[in-house]
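Listed here are the chains, written in short residue letters.
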Amino acid sequence: TTEHVVCLLDRHGKVTGERAFAHKGEGVADLCAWLFDKTGTSAPEALHVAIEVPRGAVVETLLERGLKVYSINPKQLDRFRDRFSVAGAKDDRLDARVLADSLRTDRERFHVLRVDEPLVIQIRAWSRIAEELTDERVRLMNRFREELLRYYPQFLELANEIYRDWFLALWELVPTPAAARRVRELTITKLLLERRVRSKKASDMLMKLREKPLTVADGSTEAAVAHIGTIIPRLRLLNELIKSAEQKLDELIALLQPEKKNEQRDATILLSWPGIGRIVIATLLAEASQPLGARDYQSLRSLCGVAPVTKASGKRSGPKATVVMRRACSVRLRDAVYYWAQSAIRYDPKSRAHYAALRQRAKSHGRALRSVADRLLAVACAMLRAGTSYDPAMRTLPT
């Protein structure tokens, strides 16, 4: 956020220049000009740049100028750093040298970066916005729930999704057990009709609210009511923002659909899966655009965390080897494919049968879902390569 330290090496590993550039528009422009001046080349594709963070203004500027940019996982960079210092030394100049030299000798360990389509960039932003807003709503819901447990636990038995607008309006109508004893059934019925809630009966709700209340210290009820009074407006605002973010995601995903019926695009193919939802498809297209575009099943399964990690070394080799869950992955993608697998076992017969077979072999729920997700990714890559929609009658596996 302040400056970028650059180390320039030739093909033999000799340092030909070192310099720091300010994190400003002028500084990044000077960085590109300095690289061309020091190397004396007019072909930007002849310059290869290694960087730790795979996004940001610096990456986008370098790619726009035509340079080849590569990124690497910080954990891998830490291992490469041991080549230069076993004492654990770490500073920006050393890291720049390590990045440059590692790219020279181990380029296959780096990921080639490219600029995504503007639509994909927008989908990535809005999917992250929707996730952040949902996480914030969950935090407020937990606080809401804790306050109700202090003095009014029977209110929580009326619904599971306590962020719903009708639930918030009902609490404002009967915020305390004393208010529940005074309210009429007709008033609650009117509220339910206005909010179009047909799955609840006012008589049953009123009976639940008038159950014997907890005995609390004087002032506790008033304090909890005051606290909830500050939570309700924020929950309503988050409901509106989440709804707007989801609508925006739907609009952006629709733009990825082909205008011609006989034209197949990645979004159309993925949406042909039964049970796949808005958030899952947006996360896949935004966070895994490169492996999806390359139809790279192996990279995709590792990035999504469904590829298991085998530990077989020394005394743990052979039958004693262990297989554990992959932790080094994209958390957003891991969550997305997990929910995709949950939906698939409900709506896709083959996924359901695959899950049931794994459970019969005493596999845990999480392990079985990861295996289902692995199969989903394999078939999705095969579908993308063939350009065909999902057909449950076909057994499509990657080659």
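Overview of the structure. (Residues numbered from 1 in each chain as written. Predicted model: local features only at pLDDT ≥ 70, side-chain atom pairs only at ≥ 80, totals over all residues. Heavy atoms only, no water.)

Next up on the list: the pairing of strand 1 (residues 3–9). Relative to strand 2 (residues 15–22), strand 1 runs antiparallel, the two sharing 7 bridges. Across the sheet, Val6 pairs through a bridge with Arg19, a residue of strand 2. Connecting strand 1 to the antiparallel partner strand 2 that follows it, the hairpin turn spans 5 residues, and Gly13 within it adopts a positive phi of roughly 90 degrees. (Pairing = 2+ DSSP bridges. Helix = DSSP H or I, 4+ residues; strand = E, 2+ residues; numbered from the N terminus.)

Let us look at the pattern of salt bridges. Considering all chains together, one arrives at 23 salt bridges under this definition. Arg81 serves as the salt-bridge partner of Asp95, at 2.8 Å between the closest nitrogen and oxygen. Of this pair, Asp95 sits in helix 4 (residues 92–105) while Arg81 sits in helix 3 (residues 74–81), placing them 14 residues apart in sequence. Each member of the pair, Asp95 as well as Arg81, is classed as buried. (Salt bridge = Lys/Arg side-chain N within 4 Å of Asp/Glu carboxyl O. Buried < 20%, exposed > 50% of the residue type's maximum accessible area, 1.4 Å probe, protein only.)

Looking now at the sheet that holds strand 3 (residues 48–51). Taken in spatial order, the 3 strands of this open sheet run 3-4-5, and their pairing is mixed. Each edge of the sheet is formed by a strand with only one pairing partner; in this case those strands are strand 3 and strand 5 (111–112). As paired strands, strand 4 (residues 68–71) and strand 5 are joined by 2 bridges and run antiparallel to one another. From the neighbouring strand, Ser71 faces strand 5, where its bridge partner is His111. Sheet contacts for helix 4: strand 3 and strand 4; angle to strand 3, the most-contacted strand, approximately 125 degrees. (Contact = heavy atoms within 4.5 Å. Axes fitted to C-alpha atoms, helices over the stretch in contact; angles between N-to-C directions.)

Its place among the elements puts Ser371 in helix 17 (residues 365–386). Among the polar contacts made by the side chain of Ser371, one reaches the side chain of His354 at a distance of 3.0 Å. Excluding its chain neighbours within four sequence positions, the residues that come into contact with Ser371 are His354 and Leu358. (Polar contact = N/O pair within 3.5 Å; in protein donor to acceptor, adjacent residues only side chain to side chain.)

Quick look at the packing of helix 8 (residues 185–194) against helix 9 (residues 202–209) now. Packing of helix 8 against helix 9 leaves a shortest axis separation of 9 Å and a crossing angle of 120 degrees. Comparing the axis directions of helix 8 and helix 9 gives the class oblique. For the crossing formed where helix 8 meets helix 9, the hand is right-handed. Within the contact between the two elements, helix 8 uses Glu185, Ile188, Thr189 and Leu192 and helix 9 uses Ala202, Ser203, Met205 and Leu206. Each residue belonging to the contact of helix 8 with helix 9 can be placed in one class, and the counts come to 5 nonpolar, 2 polar and 1 charged. (Parallel < 35°, antiparallel > 145°, perpendicular 65-115°, else oblique. Left-handed = near helix turned anticlockwise from the far one by under 90°. Nonpolar A, V, L, I, M, F, W, Y, C, P; charged D, E, K, R; others polar.)

A few words now on the packing of aromatic side chains. With the rule as written, the count across this model stands at 9 aromatic pairs. Ring centres of Phe144 and Phe167 lie 6.1 Å apart, and the angle between their planes is 75 degrees; on these two criteria the pair is classed as edge-to-face. Residue Phe144 is located in helix 5 (residues 118–151), and its partner Phe167 is located in helix 6 (residues 165–173); the two are separated by 23 residues in the primary sequence. Relative accessible area serves as the criterion here: at 0%, Phe167 is assigned to the buried category. With 5.8 Å between their ring centres and 80 degrees between their planes, Trp166 and Phe167 make a pair best called edge-to-face. Its relative accessible area of 11% is what places Trp166 among the buried residues. An aromatic cluster is present here, built from Phe144, Tyr151, Tyr152, Phe155, Trp166 and Phe167 joined pairwise through their rings. Its end group placed over the ring of Tyr163, Arg137 keeps NZ or CZ at 3.8 Å from the ring centre. (Phe/Tyr/Trp six-rings, centres within 6.5 Å; stacked < 30°, edge-to-face > 60°. Lys NZ or Arg CZ within 6 Å of the ring centre and 35° of its normal.)

In this fold, Arg332 is placed in helix 15 (residues 331–347). A residue is classified by how much of its surface remains accessible, and Arg332, at 17% relative accessible area, is buried. Among the polar contacts listed, one links the side chain of Arg332 to the backbone oxygen of Ser127, at a separation of 3.2 Å. Sequence-distant contacts of Arg332, that is, excluding residues within four places in its chain, are made with Ser127, Arg128, Glu131, Thr283 and Glu287.

Bringing the pairing of strand 3 into the picture now. Here strand 3 pairs with strand 4 via 4 bridges, running parallel. The partner of His48 across the bridge, within strand 4, is Lys68. For the crossover that starts at strand 3, traverses helix 2 (residues 57–64) and ends in the parallel strand 4, the hand is right-handed. (Right-handed = clockwise from strand over helix to strand, strands pointing away.)

This part takes up the packing of helix 5 against helix 6. With their axes 14 Å apart at the nearest point, helix 5 and helix 6 run at an angle of 35 degrees to one another. Crossing angle aside, the handedness with which helix 5 passes helix 6 is left-handed. Between helix 5 and helix 6, the contacting residues are Phe144, Leu148 and Tyr151 on the first element and Phe167, Leu168 and Trp171 on the second. Of the residues belonging to the contact of helix 5 with helix 6, the class tally is 6 nonpolar, no polar and no charged.

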